[in-house]
Amino acid sequence: GAGVSQSPRYKVAKRGQDVALRCDPISGHVSLFWYQQALGQGPEFLTYFQNEAQLDKSGLPSDRFFAERPEGSVSTLKIQRTQQEDSAVYLCASSTGLAGGPGQFFGPGTRLTVL
Amino acid sequence: AQKVTQAQTEISVVEKEDVTLDCVYETRDTTYYLFWYKQPPSGELVFLIRRNSFDEQNEISGRYSWNFQKSTSSFNFTITASQVVDSAVYFCALSENSEGGGNKLTFGTGTQLKVEL
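Nothing here was measured: the structure is a model prediction, and the numbers come from that model. (Residues numbered from 1 in each chain as written. Chains lettered and ligands numbered in written order. Predicted model: local features only at pLDDT ≥ 70, side-chain atom pairs only at ≥ 80, totals over all residues. Heavy atoms only, no water.)

Draft legend 1. Spotlight on the overall build of chain B. The helix and strand inventory of chain B stands at zero helices and 12 strands. Taken over C-alpha atoms, the radius of gyration comes to 14 Å for chain B, in line with the 13 Å a tight globule of 117 residues would show. Projected onto its principal axes, the C-alpha coordinates of chain B cover approximately 45 × 30 × 20 Å. Split into buried and exposed, the 117 residues of chain B put 46% on the buried side. Once local pairs closer than 6 in sequence are excluded, the contacts in chain B between residues at least 24 apart make up 54%. Just so you have it, chain B exposes about 5800 Å², and 46% of that area is on carbon and sulfur atoms. Each charge sign in chain B was given a centre, from 10 positive and 15 negative side chains, and these centres are 3 Å apart. (Helix = DSSP H or I, 4+ residues; strand = E, 2+ residues; numbered from the N terminus. Rg over C-alpha atoms; globule rule 2.2 N^0.38 Å. Buried < 20%, exposed > 50% of the residue type's maximum accessible area, 1.4 Å probe, protein only. Contact = heavy atoms within 4.5 Å. Areas by Shrake-Rupley, 256 points an atom, 1.4 Å probe, with all protein chains shown as cover. Lys, Arg positive; Asp, Glu negative; His and termini not counted. Charge placed at Lys NZ, Arg CZ, Asp CG, Glu CD.)

Draft legend 2. Representation of the pattern of salt bridges within the structure. Evaluated as defined, the whole model comprises eight salt bridges over all chains. The shortest N-O distance in the salt bridge between E68 of chain A and K78 of chain A comes to 3.4 Å. Taken together, the positions of E68 of chain A in strand β7 (residues 65–68) and K78 of chain A in strand β8 (residues 75–79) put the pair 10 residues apart, joining distant regions of the chain. Of the charged contacts, one joins E59 of chain B and R51 of chain B as a salt bridge, the two residues approaching to 2.7 Å between their closest N and O atoms. E59 of chain B sits in the partly exposed class, given a relative accessible area of 31%. Look at the salt bridges and you will find they share partners, linking R51, D55 and E59 of chain B into a network. (Salt bridge = Lys/Arg side-chain N within 4 Å of Asp/Glu carboxyl O.)

Draft legend 3. Just the interface of chain A and chain B, in detail. Each partner contributes to the interface: chain A provides 23 residues, whereas chain B provides 22 residues. Regarding the contact of chain A and chain B, the summed buried area is about 1700 Å², with carbon and sulfur atoms giving 50% of it. It is P43, Q104 and F106 of chain A in chain A that bury the most area against chain B; as a group they hold 25% of the surface buried on that side. The tally of links between chain A and chain B comes to one salt bridge. For K104 of chain B, the salt bridge is made with D56 of chain A, and the minimal N-O distance between the two is 3.6 Å. Counting across the interface, chain A meets chain B through five residue pairs in polar contact (both at pLDDT 80 or more). (Buried area = accessible area lost by both parts, 1.4 Å probe. Polar contact = N/O pair within 3.5 Å; in protein donor to acceptor, adjacent residues only side chain to side chain.)

Draft legend 4. Quick peek at unusual backbone geometry. Following S7 of chain A, the chain continues into P8 of chain A via a peptide bond in cis, with omega recorded as -10°. Residue position: P8 of chain A is located in the loop between β1 (5–7) and β2 (10–13). The residue N51 of chain A is not glycine, and still its phi comes out positive at about 55°. The residue N51 of chain A is located in the loop between β5 (44–50) and β6 (53–56) in this model. Of note in this structure, K16 of chain B is not a glycine but carries a positive phi near 85°.

Draft legend 5. Broad picture of the side chain of Q36 of chain A. Residue and element names in this part refer to chain A. When you line up the elements, Q36 lands in strand β4 (residues 31–37). Taking relative accessible area as the criterion, Q36 reaches 16% and is therefore assigned buried. Polar side-chain contacts of Q36 include one of 2.9 Å to the side chain of Y90. Discounting residues that sit within four places of it in the chain, Q36 has contacts with G42, P43, E44, L46, F65, D86, A88, V89 and Y90.

Draft legend 6. Seen up close, the pairing of strand β8 (residues 64–69) of chain B. All names here are of chain B. Here β8 shows a clear split, with Y64, W66 and F68 buried on one side and none of S65, N67 and Q69 buried on the other. Relative to β8, strand β7 (residues 59–61) runs antiparallel, the two sharing three bridges. When the sheet's bridge partners are listed, E59 is paired in β8 with W66. Once β7 ends, the chain turns through two residues before running back antiparallel as β8, passing G62 with a positive phi of about 65°. When β8 meets strand β9 (residues 74–79), the two strands line up antiparallel, connected through six bridges. What sits directly across from F68, in β9, is F75. Where β8 folds back onto β9 in an antiparallel hairpin, the turn is made up of four residues, including S73, whose phi is positive at roughly 50°. (Pairing = 2+ DSSP bridges.)

Draft legend 7. How the structure looks around the sheet that holds β1 of chain A. Residues and elements named next belong to chain A. Judged by pairing direction, the sheet is antiparallel, and its four strands sit side by side in the order β1-β3-β8-β7 without closing on themselves. The open sheet has two free edges, formed respectively by β1 and β7, since each of these has just one partner strand. Across the sheet, the mean angle separating the axes of adjacent strands is 15° when strand polarity is ignored. (Axes fitted to C-alpha atoms, helices over the stretch in contact; angles between N-to-C directions.)

Okay, structure coming up:
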């Protein structure tokens with residue numbers, strides 16, 4: 001497709017379970033970002049990739065959060081031993097990475113609910 | 001640290017009214033970008049506009065217009081003749097250089113706009 005896609009769209013996990021969230025960026029986009037959006041809040045930055053390199057992970061809330069983009073396209077955000085406070089919408093965005101480019105394009109998000 | 005403030009949590013208007021959404025930002029960068037995104041009930045963030053910090057010209061796109069004033073660090077968004085389909089949460093965002101050179105976004109808390117018949 002032409003846009004950023006994410007799967008699954010909805011995920012329900014029991015506390016303590018591990019989850020994996022997938023992002024397919026726009027083809028050819030070098031930069032990929034993950035954001036977390038809690039209910040009623042704006043998205044908050046988690047991590048950034050340039051191709052396969054994770055260049056900024058300053059927003060990851062704990063070492064239970066791990067992201068990868070091994071071939072520079074698809075990315076996976078993994079959350080280990082999920083907690084209730086992890087419940088949020090996880091948004092993926094991609095961009096060309098060029099300074100004069102059109103900015104970040106967002107996927108539909110994955111809504112994670114931890115029971 | 002960079003910060004974006006959207007003081008209006010929720011605005012309700014009647015269709016055809018004009019409405020302005022406020023955005024105030026803080027940054028130490030001299031080069032930055034400002035954005036507005038729309039988030040309808042479906043949840044996807046829809047890009048509306050990007051503005052370079054060096055370009056203070058106001059912009060109009062159909063019923064939408066944006067007023068960027070560097071002197072007051074504001075980037076306000078006006079919808080003229082609002083319609084029910086404009087009902088959504090609107091986010092203002094500021095780009096900042098990521099540690100690795102990317103441009104991560106700092107978002108405000110959003111303004112919920114409700115347009116009623």
